[in-house]
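Single-letter residue listing:
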Amino acid sequence: MAKDKRIDEYIAGFPPKTRAALRQVRAALRKGAPAAEETISYRIPALRENGILVYFAGFKNHIGMFPPVRGDERLVAALKRYRGPKGNLRFPLDEPMPLTLIARIAKLRVKQDREKAAATAARRRRQ
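This write-up is about the structure you can find in this document. Numbering of residues begins from 1 in every chain and follows the order in which that chain's sequence is written. It should be noted that, the model being predicted, local features are given only for residues of pLDDT at least 70 and side-chain atom pairs only at 80 or more, the latter also being counted only at that level, while totals for whole chains, interfaces and linings use all residues. In computing side-chain values, all of the structure's heavy atoms are included and hydrogens and water are not.

## As for the overall build of the chain
Assigned secondary structure in the chain consists of 4 helices and 5 strands. Relative to the compact-globule value of 14 Å for 127 residues, the chain shows a C-alpha radius of gyration of 15 Å, a close match. Over its C-alpha atoms, taken along the principal directions, the chain stretches across nearly 50 × 35 × 25 Å. The buried label goes to any residue with under 20% of its type's maximum accessible area, the exposed label to any with over 50%, and the partly exposed label to all in between, with areas taken from a 1.4 Å probe on protein chains only. Burial statistics for the chain: of 127 residues in total, 45% are counted as buried. Under the convention used here, Asp and Glu are negative, Lys and Arg are positive, and both His and the chain ends fall outside the count. The location of each charge is read from NZ of Lys, CZ of Arg, CG of Asp or CD of Glu. Of the side chains in the chain, 29 bear a positive and 12 a negative charge, and the two mean positions are spaced by 3 Å. Strands are runs of DSSP state E lasting at least two residues, helices are runs of H or I lasting at least four, and both sets are numbered from the N terminus onward. Atoms considered for the radius of gyration are the C-alpha atoms alone. The globule rule reads 2.2 Å times the number of residues to the power 0.38.

This is the structure in structure tokens:
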């Protein structure tokens, strides 16, 4: 996975506690999506393969992750306590980061991204 120095700069702009959490989240995402490319999109860190897999961002009291998780009911249930009003995830800074869940999110998003890319390619071949 290609590392983007802009993400290092983004993380460096936060207080120490938030920086540490962002680094943990970044590492967990990289573990779950080892072939993904890091980028900045909408002024926040993101991972992409064929399309954006996941965005993550630092806030005053939490780390946010977008888009909402769908397609794996067990994972959705495990993340229920972290869901915000629109389904985006909020991991409180005053709790340990659920790194195993974050890696599972990345793996699921890679699978969904690849399935979508394959379906798009098949559709184009039929045209």
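Back to the text.
## A closer look at helix α2 (residues 16-32)
Its 17 residues place the ends of α2 25 Å apart at the C-alpha level, agreeing with the 24 Å of an ideal helix rising 1.5 Å per residue. Looking at the buried positions of α2, the neighbouring elements they touch are α1 (5-12), β1 (37-41), β2 (44-48), β3 (52-58), β4 (62-66) and α4 (99-126). Given a helix with a known number of residues, its expected span is that number minus one, times 1.5 Å. Here, residues are in contact when the closest pair of their heavy atoms is within 4.5 Å.

## Some words on the environment of glutamate 95
Structurally, glutamate 95 can be placed in the loop between β5 (89-92) and α4. Residue classification places glutamate 95 among the partly exposed residues on the basis of a relative accessible area of 27%. Sequence spacing of glutamate 95 and alanine 21 is 74 residues, and the spatial spacing of their C-alpha atoms is 9.8 Å.

## Quick notes on the nonpolar core
One recurring pattern in soluble globular proteins: nonpolar side chains tend to sit buried together. In this description, a nonpolar core means a group of buried Ala, Val, Leu, Ile, Met, Phe, Trp, Tyr and Cys residues linked to one another through side-chain atoms lying within 4.5 Å. In this structure, Leu29, Met65, Leu79 and Phe91 are the most contacted members of the largest nonpolar core, which totals 36 residues. Sorting the residues of this core by element identifies α1, α2, β2, β3, β4, α3 (73-78), β5 and α4 as the ones contributing at least two each. Element by element, the count of residues in this core is highest for α4, at 6 residues. Those residues in contact with methionine 65, other than ones at most four positions away along the chain, are Val25, Leu29, Val54, Tyr55, Phe56, Asn88, Leu89, Phe91, Ile102 and Ile105.

## A look at the sheet that holds β3
Only when DSSP finds a minimum of two bridges between them are two strands counted as paired. Ordered in space as β1-β2-β3-β4-β5, the 5 strands form an open sheet in which the pairing is antiparallel. Edge positions in the sheet fall to β1 and β5, since each has one partner strand and no second. The average angle at which neighbouring strand axes cross in this sheet is 25 degrees, direction not considered. Note that β4 and β5 share 4 bridges and pair antiparallel. Directly across from methionine 65, in β5, lies its bridge partner leucine 89. Between N-to-C directions, angles cover 0 to 180 degrees, with each direction set by a line fitted to C-alpha atoms, over the stretch in contact for helices. Its contacts with the sheet place α2 against β1, β2, β3 and β4, and it is angled at close to 165 degrees to β3. Lying on the sheet, α4 is in contact with β3, β4 and β5; it crosses β3 at an angle near 150 degrees.

## Things to note about the packing of aromatic side chains
Stacked, edge-to-face and tilted labels apply to pairs of Phe, Tyr and Trp rings (six-membered ring for Trp) whose centres lie within 6.5 Å, assigned for plane angles under 30 degrees, over 60, and everything in between, in that order. A complete count under the given rule lists 3 aromatic pairs for this structure. Note on tyrosine 82 and phenylalanine 91: the rings are 5.0 Å apart at their centroids and 55 degrees apart in plane angle, and the pair reads as tilted. On the basis of relative accessible area, phenylalanine 91 is assigned to the buried category, the value being 0%.

## Re the packing of α2 against α4
In contact at an axis separation of 7 Å, α2 and α4 are set at 45 degrees when each is read in the N-to-C sense. Between α2 and α4, the crossing angle belongs to the class labelled oblique. Between α2 and α4 lies a crossing whose hand is right-handed. Along the contact surface, α2 presents Gln24, Val25, Ala28, Leu29 and Gly32, while α4 presents Leu99, Ile102, Ala103, Ala106, Lys107 and Val110. Charged means Asp, Glu, Lys or Arg here, nonpolar means Ala, Val, Leu, Ile, Met, Phe, Trp, Tyr, Cys or Pro, and polar covers whatever is left, Gly included. By residue class, the composition of the contact of α2 with α4 is 8 nonpolar, 2 polar and 1 charged. What sets the label is the angle itself: under 35 degrees gives roughly parallel, over 145 gives roughly antiparallel, 65 to 115 gives roughly perpendicular, and the rest give oblique. Left-handed describes a crossing whose near helix is turned anticlockwise from the far helix through less than a right angle; right-handed describes the clockwise counterpart.

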